[in-house]
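Observations on the three-dimensional arrangement
Residues per chain are reported as follows:
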Amino acid sequence: MPNQPPRFPGFPGLPALPKLPSVDAIISEVDKALKTLAATPVAQRANPAGQNLPAGQLSDAEKEQVIGLMRVNHVGEICAQALYQAQALASKDPEKKALFDHAAKEEADHLAWTQERLDQLGARPSLLNPFWYGGAFALGFVAGTLGDKVSLGFMAETERQVEKHLNDHLGRLPAGDQQSRAILEQMRQDEIEHGQTAIEQGANNLPMPVKLAMTAMSKVMTTLAQKI
Ligand SMILES: [Fe+2]
Ligand SMILES: [Fe+2]
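Before going into details, it helps to say that this report is about the structure given with it. In this text, all values refer to a predicted model and were calculated from it rather than measured experimentally.

Basis of the calculations
- Counting from 1, residues in each chain are numbered in the order their sequence is written.
- Here the convention is simple: chains get letters from A, ligands get numbers from 1, in the order in which they are written.
- Where totals are concerned, whole chains, interfaces and linings use all residues; where local detail is concerned, this predicted model gives features only for residues with pLDDT of at least 70, and gives and counts side-chain atom pairs only at 80 or more.
- Heavy atoms throughout the structure, all of them, feed into the side-chain values; hydrogens and water do not.
- Segments assigned H or I by DSSP are reported as helices when at least four residues long, segments assigned E as strands when at least two residues long, and all are numbered from the N terminus.
- The classification of residues rests on relative accessible area computed with a 1.4 Å probe and restricted to protein chains. Under 20% of the type maximum is buried, over 50% is exposed, and intermediate values are partly exposed.
- Here a residue-residue contact requires only that any non-hydrogen atoms of the pair lie within 4.5 Å.
- One less than the residue count of a helix, multiplied by 1.5 Å, gives the span that helix is expected to have.
- Of all possible arcs, the one meant is that of the directions from the helix axis to the C-beta atoms.
- The donor set comprises N, O and S atoms within 2.8 Å of the metal, extended to 3.2 Å for Na, K and Ca; water molecules are omitted, so apparent gaps in a site may simply reflect that omission.
- Residues belong to one nonpolar core when they are buried, are Ala, Val, Leu, Ile, Met, Phe, Trp, Tyr or Cys, and are joined through side-chain atoms within 4.5 Å.

A word on the side chain of glutamine 87. You can see glutamine 87 is positioned in helix α2 (residues 60–90). Among the residues examined, glutamine 87 registers a relative accessible area of 1% and is labelled buried. Leave out the neighbours within four places in its chain, and glutamine 87 touches Phe100, Gly140, Ser151, Phe154 and Met155.

See the structure below:
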């Protein structure tokens, strides 16, 4: 890294350490985390499962299945908030910061819609949400410190995996649950657009071992979140 300043004066061979966030930035991130985890999310767009869809009838078994799926999707949106907030914090480029902030705002609609569907079903979100948020924030921050192209690559791969996972959920929803289907279909469309934006902005293609590690982590998360 010939252009980086030395980590310590007198030791020019060592690369500079990543700049740590300021105290103000840390307080702001804690505030965002508390709002994501504890406040009722408010969507900017109308819920796709709006007034015009029939309520539908679900058997007890179908209801349990939908609750498990929507809890997983809600966890995914908690993680999306944490990832994009951390990537925005870690980026040094104001334009990329704005891009990650904008993505987090769009994901906030998904968080609100999945929360509303869980409320309608009389179900709670995952009890492990603070843990998911913390883990995703750490991952997003590490990706962000590796540079914007890697961070965008992480965004593109995350969105690709979420799209795949939503396709799977759309195939598993009971035929009578048009509300959840409408929400997941709109989310899928948005996630495809987020992934395309990341690629257009210069995302690196991540190495296969990293992609496989991300798949393995998401498998653990979806398995646990369905129950807990
Ligand atoms: Fe989302
Ligand atoms: Fe997304």
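Given 3.6 residues to a turn, an α-helix orients residues that are three or four positions apart in the same direction. Look at helix α4 (residues 129–145): 24 Å from first C-alpha to last across 17 residues, which is about the 24 Å you get at 1.5 Å a residue. Listed as buried for α4 are Asn129, Trp132, Tyr133, Ala136, Phe137, Gly140, Phe141, Ala143 and Gly144. Buried positions in α4, seen along its axis, are confined to an arc of 160° and lie on one side of it. Downstream of α4 by a residue or two, glycine 147 has a phi angle that is positive, lying close to 110°.

Secondary-structure assignment places cysteine 79 in helix α2. Cysteine 79 sits in the buried class, given a relative accessible area of 12%. Between the alpha carbons of cysteine 79 and phenylalanine 131 there is a distance of 9.7 Å; along the sequence they are 52 residues apart.

Here we come to the coordination of the iron ion (ligand 1). Distances from the iron ion (ligand 1) to its protein donors, Glu77 (OE), Glu77 (OE), Glu107 (OE), His110 (ND1) and Glu191 (OE), fall at 1.9 to 2.5 Å. One chain supplies every donor to the iron ion (ligand 1), and in sequence these donors are spaced E-x29-E-x2-H-x80-E. A separation of 4.0 Å is found between the iron ion (ligand 1) and the iron ion (ligand 2), which are bridged by glutamate 107. One end of the pair, histidine 110, is in helix α3 (residues 94–120); the other, glutamate 191, is in helix α6 (residues 178–200), and 81 residues separate them in sequence. Side by side, histidine 110 and glutamate 191 carry an identical accessibility label, which is buried.

As a further point, take the nonpolar core. The biggest cluster of nonpolar side chains holds 22 residues, and the ones touching the most others in it are Val75, Cys79, Trp132, Tyr133, Phe137 and Phe154. Only α2, α4 and α7 (208–227) provide two or more residues apiece to this core. For this core, the leading source of residues is α2, giving 9 residues. Once residues lying within four places of it in the same chain are set aside, the contact partners of tryptophan 132 are Val75, Cys79, Ser126, Met221, Leu224 and Ala225.

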